[in-house]
Amino acid sequence: MAAIGHIFDIQSFSVHDGPGCRTTVFLTGCPLQCRWCANPESWVYGKHLMFAQTSCKWDKGCDVCLSVCPSGAITMAPGQPPQVDWDKCRGCTDFPCTTICPNRALKQCVKVYTSGQLLDILRRDFSSWGSNGGVTFSGGDPITQHDFLLEVLEGCRKLGIHTAIETSACFPTQTFLDVMEYIDFAFIDVKHMDSAAHKAGTGVGNEGILGNIRALKESGWSGRLVLRQPTIHGYNDSVENAKALIAFMEEVGLYEINLLKFHRLGQTKWEQLGKRYAYAAGGEMTDEAMAALQALYLDAGIACYVGHQTAF
Amino acid sequence: MERNEVKLQEILKARGITEERLKEEQSREIPAAAESFQRIMDIYYLLKVTADMESAYWYNRVWWENDGDLLEVRRAKAVAASLAHSTPTILPYEKLVMNKTKHLRGAFPFPWVCASFFNSLAESLMEEVDAPAENEADSVSVVGAGGGNVTESYGEIISIAKKFGMRKEDIPVLVKVSKYWDGISVEDISTKYAKTLPDYEQFQNIMDSVLVMFDSFAIPQGREVMNYYMPLQYGFDGILELCDQKIAETMGEAGGDGVLGMSRGYYYVAMKEIVKGLSRWCENYARKAEDLASREPDEAYKKNYLEIAQVMHNIAHKRPSTFREALQLTLCLHLGVVNEDPQSGQSIGRLGQVLQPFYEKDIAEGVTTEEEVVELLELYRIKITCIECFASAGVSGGVLSGNTFNNLSLGGQNYDGLSAVTPLEYLIIEAGMRAQTPQPTLSILYDEKLPEDFLMKAAACTKLGMGYPAWMNNQVGMNFMLRQYGPEGMDLYDARAWCLGGCLESAPGCFLPLEYNGKITMIPGGASPTCGTGIHFTGLPKVLELVLTNGVDQRTGKVVFPPHNRKLDTFDELLDQWKKYLDISNRIVNKVNNIQMDVWRKYNMPAVNSLLKPDCFKKGQHIGNCGSRYNGCINFESCGTITFINSLASIKKNVYDDKKYTLEQMTDAMLHNFGFRTAYDTGVFSPDYRESTDQAAQYAQIFADCVNAPKYGNADPYADSLLREYHMYLLHYLPTIESFFGKPEYLCQISVSTHGPQGFITLATADGRLAGTTYSDGSVSAAAGTDKNGVYALFESATVYDHSQNQNAQMNLKLHPSAVQGVQGTRKLLELVRTYMRKGGFHVQFNVVSSDTLRDAQKEPDKYRDLMVRVAGFTQYWCEIGKPIQDEVIFRTEYEEA
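All of these numbers come straight from a predicted model, not from anything done at the bench. Starting from 1, residues in each chain are numbered consecutively following that chain's sequence as written. Going through the entries in the order they are written, you letter the chains from A and number the ligands from 1. With pLDDT at 70 or above as the cut-off, local features in this predicted model cover only qualifying residues; side-chain atom pairs require 80 or more to be listed or tallied, and sums for whole chains, interfaces and linings still use all residues.

Considerations on the overall build of chain A
To be explicit about the condition: Numbered from the N terminus, helices here are DSSP runs of H or I no shorter than four residues, and strands are runs of E no shorter than two. The size measure is the radius of gyration over C-alpha atoms, and the globule rule it meets is 2.2 Å times the number of residues to the 0.38 power. To sort residues by exposure, count the other C-beta atoms lying within 10 Å of each residue's C-beta; 20 or more gives buried, 12 or fewer gives exposed, and values between give partly exposed, all with C-beta atoms placed from the backbone. Throughout, a residue-residue contact means that the two C-beta atoms, derived from backbone geometry, are no farther apart than 7 Å.
Helix and strand counts for chain A stand at 11 helices and 13 strands. In terms of C-alpha radius of gyration, chain A reaches 21 Å, essentially the compact-globule figure of 20 Å for 312 residues. In terms of its C-alpha atoms, chain A occupies a principal-axis envelope of roughly 60 × 45 × 35 Å. A burial count over chain A gives 48% of its 312 residues as buried. Counted over contacts in chain A with a minimum sequence separation of 6, partners at least 24 positions apart contribute 74%.

Quick notes on the overall build of chain B
Along the backbone of chain B there are 35 helices and 23 strands. Taking 29 Å as the expected radius of gyration for a compact globule of 898 residues, we find that chain B reaches 27 Å, a close match to that expectation. Referenced to the eigenvectors of the C-alpha coordinate spread, the extents of chain B come out at roughly 80 × 80 × 60 Å. Within chain B, contacts between residues at least 6 apart in sequence are counted, and of these 79% link residues at least 24 apart.

Quick notes on the environment of E123 of chain B
Turning to its location among the elements, E123 of chain B is positioned in helix α5 (residues 116-126). Judged by local crowding, E123 of chain B falls into the exposed class, with 10 C-beta atoms found within 10 Å.

So, the interface of chain B and chain A
Interface size, as often reported, equals the accessible area lost upon joining of the parts. Selection rule: Just so you know the grouping, Ala, Val, Leu, Ile, Met, Phe, Trp, Tyr, Cys and Pro go in nonpolar, Asp, Glu, Lys and Arg go in charged, and all remaining residues, Gly too, go in polar.
Each partner contributes to the interface: chain B provides 45 residues, whereas chain A provides 34 residues. When residues of the side of chain B that touches chain A are assigned to their parent elements, the largest contribution, nine residues, is made by helix α33 (residues 822-838) of chain B. Each residue belonging to the side of chain B that touches chain A can be placed in one class, and the counts come to 21 nonpolar, 12 polar and 12 charged.

Some details on α5 of chain B
Residue and element names in this part refer to chain B. Put simply, the test is: An arc is given here, and it is the one of the directions from the helix axis to the C-beta atoms.
All of the buried residues along α5 are F117, F118, L121 and L125. Projection of α5 onto a plane perpendicular to its axis shows the buried side chains occupying an angular sector of 75°, all on one side. Those residues of α5 hidden inside the fold are in contact with β3 (157-160) and α7 (171-180).

Quick notes on helix α18 (residues 423-434) of chain B
Here is the rule: A helix is expected to span 1.5 Å for every residue after the first.
Taking 1.5 Å of rise per residue, 12 residues should cover 16 Å, and α18 of chain B covers 17 Å from first to last C-alpha, within 8% of that figure. Listed in full, the buried residues belonging to α18 of chain B are L424, E425, I428, I429, E430, A431 and G432 of chain B.

Regarding the sheet that holds β3 of chain B
Residues and elements named next belong to chain B. As a reminder, the rule being used: By definition, two strands form a pair when at least two bridges between them are found by DSSP.
With mixed pairing, four strands are arranged side by side in an open sheet as β2-β1-β4-β3. Of all strands in the sheet, those bounded by a partner on one side alone are β2 (106-107) and β3. Relative to β2, strand β1 (residues 50-51) runs parallel, the two sharing two bridges. Residue pairing in the sheet places T50 in a bridge with G106 of β2.

Points about the pairing of strand β17 (residues 635-639) of chain B
All names here are of chain B. Across the five residues of β17, five count as buried, placing the element largely inside the fold. Strand direction decides the pairing type here: β17 and strand β18 (residues 746-748), joined by three bridges, are parallel. In the strand pairing of β18, F636 is matched with L747.

Description of the environment of I520 of chain B
Residues and elements named next belong to chain B. Mapped onto the fold, I520 is located in strand β13 (residues 519-526). On a C-alpha basis, the gap between I520 and P357 in space is 9.1 Å, while along the polypeptide they are 163 residues apart. Setting aside residues up to four positions removed in sequence, I520 forms contacts with P513, L514 and E515.

A closer look at the packing of helix α4 (residues 115-126) of chain A against helix α5 (residues 146-159) of chain A
All names here are of chain A. What counts, and what does not: Axis geometry follows a simple rule: fit a line to the C-alpha atoms, using only the stretch in contact for helices, then measure angles between N-to-C directions, giving values from 0 to 180 degrees. Note: crossing handedness is left-handed where the near helix turns anticlockwise from the far helix by less than a right angle, and right-handed where it turns clockwise.
For the pair α4 and α5, interaxial distance at closest approach is 10 Å and the crossing angle is 35°. With respect to the hand of their crossing, α4 and α5 are arranged in right-handed fashion. From α4, S115, L118, L119, L122, R123 and F126 reach across to α5, where they touch F148, E151, V152, G155, C156 and L159. For the contact of α4 with α5, the per-class residue count stands at eight nonpolar, two polar and two charged.

Here we look at the sheet that holds β18 of chain B
All names here are of chain B. Spatially, three strands are ordered β14-β17-β18 in an open sheet, and the strand pairing comes out parallel. Strand pairing shows two members of the sheet lacking a second neighbour, β14 (535-539) and β18, which therefore form its edges. Neighbouring strand axes in the sheet, compared pairwise and without regard to direction, differ in orientation by 30° on average.

Quick notes on the nonpolar core
All names here are of chain B. So the rule is basically this: To count as a nonpolar core, a set of buried Ala, Val, Leu, Ile, Met, Phe, Trp, Tyr and Cys residues must be joined through C-beta atoms within 7 Å.
By size, the foremost hydrophobic cluster in this structure holds 374 residues, and its most contacted members are I274, M312 and I645. A total of 14 residues in this core trace back to one element, the largest contributor, which is helix α11 (residues 263-294). Dropping the residues within four chain positions of it, I645 is found in contact with Y712, A719, L722, L723 and Y726.

Structure (structure tokens):
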């Protein structure tokens, strides 16, 4: 149980990430770079800094971070909030600014766990999930850290813990199937049925993803698979795209999908990482539009859930 | 979208995924409350909290007319007169009637309990100016400024205790009545004898520092459970006959008890007086209703008045013969008890089990319908919400936040050890969902034996965001009963009858055989006096502060404890000194409180309550003479547990283990508020408000180390083990303190809302909390913002000791509404409750409301007149809560946002 994992959050009483009440483990690293990503902190594999300027009390006279920064990455002009020079910050390893900051405006993101340490936490939470809950591995994409994940999953199987995963399925097929063998419940995102559009939104085409979903079904995998789609106006909310996805689901033999209305909850995280958020405007879906899309799936006999109104 | 819902259901069924509906419950249209409820609530929202002198005048008059009579009889006559002369007020639409006073939202002062407040104000009141705060505790309590509170005088209304409005014409009566009691009120007499204690000055120093809040006479009854059995079983006329029989049996006979045996005869004479008073009170309402009916042109109103007249006339004499009569009678008794003393936390108990036989018969015979019963239960909610407690600002704002905690418990086990849930209890929850009022707050006595659909209904109610029901662990409660009351004969049967008195005070009960509808039903009810009223709210972090400052309160410059002059070289020595100071405080405060309660029970013994509480009537002894079945009920109340534990963890880590700072450096940082401006200075009491001073840089590192020190609530054994040690110590220490009933005391952990005022008087603490801001609330809630490993880790931390060691443990959680949407959300909320209960957690309650909503409501209180939140064991209107507590609620960690 010695493999090392990089984890940026462990959330308990997680109620929208699979059946029942769960603990969700967020691992870093992702083969996709979605322009609307709600967890952009997962893109950096190792420890790094996040700066939430809204929590900063510079206007109340606090400037304690300046003196401890070893690389001079944090600067403050008179009457201005602190600025982080992200290039200078990148080389930092111990982030002293995050321990001195009393307001948790400067936070170190990503902690390192051995698989044994993570299993200890899951074992502790085991009694809290109730009859149909368990652990969900999310991210990022947890399969990025497949060696670590496999060790944890083997541990889960020994303990009898129900496992769920949220993945892009964008990996070499064997790697993907090796992990899925240990998974009881999976969400796989299909962002777009058109590969070019998929690439435009996420940085990669969808062939590998669709291929892996097929391979999974053909492998005789006995888990429950629910497709997911963040539904974004002007990107993937067309009838045409929905019909293509319905056809794909019918072909492969899938009958559950969860449409998630586009939201902007991740926006501040982009800012905390010093990045520009591409979806600062646009993309909103109305409830009516979501219902219209849902109706398309339902008419095809596919159980289509919108948002949190799910059957799990 | 409806079509989609139906279609999805079909597909799910066809695919064999689930047969459960995804929406319903939450989006199920909760039926509107009855028109009668809405009409009366429209009036309620406009009402101010009112005090008047009618009851007090009659009590005072009859008391003095009977000068020289035996005290228990004289007392009963005075209480009876105050009830029998209360002017009946009936509003159109009311079906349940009776109020504390002639006003719907009224209360009255009790100068015979505490006169100095009014006497000291006599002059200023007569000059019609605002009353100054009466003592230290009052001056640090901030009463909510909105809603029905009368915080300032206006027009013909004088503000008293920053909460009550009294009309100017009543003021001379108040002043004159209070004069009679100058020097002889419970307060005055007990103070006279307390002053004979050689270390009385020590007591005064403690109270002046607000290290301990409140004297026992402030609220000598309450934190207990009503018992409605006697009148339900016998009716008032029947009880009068029983009294005559008992007088014939016992008058003039000692019955083998040379001290109290002779009192039995006098007790029954007193009980006759009080029963006659209650009966006349009911008759007055009957006559009032008849009078209104005779002058009412509208047939529907007229019919309503005549029904009221019939009900009130019947219960004035006979045992109830319908559900409505039984409910009305319990309300009458409840109001009767809360009118005989200043009190809070007089709990209704397991009403849905007590009244089930009446409900069952009426439904079976077609006398009433479920809907009619729900309407009555809705109207009942208004009646209980209208119960106000006339107390000083310190008590009404500091402790109660304006709520009087008339808790109604549901569930638990019945006499035979099976689920006690009744059909009527479903309707009580339904009424609580339709008719959203702060009181009565609901408590589920969670037991694995309870039906799942009942639990789901209760969870669906919790989700609505009114803060009720809260969830209590039935098994833990029963175990505590057996532990604490075993020496008095508590057995498994009686243990099953427990429930919540006050907001969270586990109170003992018993089952009694109600004969009704041709069968016998064992109905539960309270069986003890107040399960509180010992050593009130002691600020544990303040004791630690005084250890560090060698006994001097740096806020006021006054000496609180004798200097210890120890170097405190080890953590154990520090803890040892904390125990020593706590013990100094407990010993003297306990003695003074014992005197207060002893004087109270001699002059001011409960009258109505001594009729109701088993086994007073059987023994022929009132509550003051240990007439109740269980008397080991007096407790020690703590405040700020987790702030204290986190402070210890920080000192242990930074000073003793890592040796990064000396204890002097740590103390210096606390005295300088870690280089930030104080809340006293800025007026902002929010726990996360920090404004630097010139010294900020100097303390930045130590502050960071304090903030980053191990914190309770993260499943970190470093801090959690300190909590366990603390509990193991108190478990064995507190019983060494003896109450005025001659019984061992025990730990009660409800902060109510004292974590506001006691936080106010406490300097910065070693956990990084700044001076003047609130302590952590509850007893096992994490300090705001410090639980970073999620709620499961918090549960793990909270259950590092056995919760049945104490009367209670308190866990407040805030959930974002999105976390519990839909039926799945209800199930998951219940799963969360069940998880905690399975771990042995005693209590958990939820605020299902977003921080954003609360912030909006703070800015625009008028728009949110009906917004309710759960504070620390009770529900209250947001706008009637003081600002420091509002800030604390907003800051409390919100789980599963987004």
